[in-house]
Amino acid sequence: MSAFINEDTEKRLRDLSDYIHVDIPHELTSEREKALYRTFYLDNPSAHAMTKTVEPLLVQYVREKLNSDYLNDRIEELKLDPTKSGELLKFLRAQSVSTSTMTSLLVKLKATPSATVGYRGGPKTVETKEKPWEFGMTPEEIAESRRKLARSH
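Positions within a chain are numbered from 1, following the residues in the order the chain's sequence is written. Totals for whole chains, interfaces and linings use every residue, but because this is a predicted model, local features are given only for residues with pLDDT of at least 70 and side-chain atom pairs only at 80 or more, for both listing and counting. Side-chain descriptors were evaluated using all non-hydrogen atoms of the structure, hydrogens and water having been removed beforehand.

Caption draft 1: Here's a closer look at the nonpolar core. Nine residue types can take part in a nonpolar core, namely buried Ala, Val, Leu, Ile, Met, Phe, Trp, Tyr and Cys, and a core is a set of them joined through side-chain atoms within 4.5 Å. Note on exposure labels: buried denotes an accessible area under 20% of the residue type's maximum, exposed denotes more than 50%, and partly exposed covers the range between, all computed with a 1.4 Å probe on protein chains only. Counting residues in each nonpolar core, the largest one holds 15 residues, and the members touching the most others are Tyr37, Phe40, Met50, Leu58, Tyr61, Val62 and Leu109. Broken down by secondary-structure element, the contributors of at least two residues to this core are helix H2 (31–43), helix H3 (55–79) and helix H4 (85–108). Helical segments are the DSSP runs of H or I of at least four residues, strand segments are the runs of E of at least two, and each set is numbered from the N terminus. The element contributing the most residues to this core is H3, with 5 residues. Residues count as neighbours in contact if any of their non-hydrogen atoms are within 4.5 Å of one another. Not counting the four nearest positions on each side in its chain, tyrosine 61 is found in contact with Phe40, Met102, Leu105, Leu106 and Leu109. Ranked by size, the runner-up nonpolar core spans 5 residues in total, among them Leu71, Ile75, Leu78 and Leu88.

See below:
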């Protein structure tokens with residue numbers, strides 16, 4: 001069992017599932033995939049960024065995470081057998097590629113600390129389309145104001 005999905009997390013998810021519905025993509029069929037997707041989605045502080053357009057990236061992340069768990073388990077087994085150093089090296093290389101892929105996916109999903117935490121340590125706020133100083137302006141006035149601002153910089 002992955003360290004990411006433990007019994008406490010699964011119990012908490014069962015408790016939360018009564019209140020929060022998460023649409024699981026049809027590509028994820030196993031219970032481990034579904035549980036990992038649900039966990040990542042509910043625990044992600046930038047869940048507002050989880051739209052249908054990033055769903056394929058999240059599906060890929062779930063699959064890569066399960067692949068990484070398999071590689072870690074296999075590496076731990078091979079560490080115990082000194083005669084299989086060649087096979088261990090292959091799995092370590094695969095683990096390196098998997099880690100790189102997961103890191104890239106997390107950046108694209110905006111799930112890294114730099115994407116979710118503001119520069120003062122608190123959560124980042126969702127930027128609205130209208131700025132506070134544009135309150136009450138018509139769309140044309142807003143566009144003109146932004147053009148002037150862009151020209152001045």
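Caption draft 2: Structural detail: the environment of leucine 92. Positionally, leucine 92 belongs in helix H4. With a relative accessible area of 36%, leucine 92 lands in the partly exposed category. On a C-alpha basis, the gap between leucine 92 and isoleucine 75 in space is 7.2 Å, while along the polypeptide they are 17 residues apart.

Caption draft 3: The side chain of glutamate 55, seen in detail. In this structure, glutamate 55 sits in helix H3. Look at glutamate 55 and you get buried, because its relative accessible area is 16%. Among residues more than four places away in sequence, those in contact with glutamate 55 are Pro25 and Tyr37.

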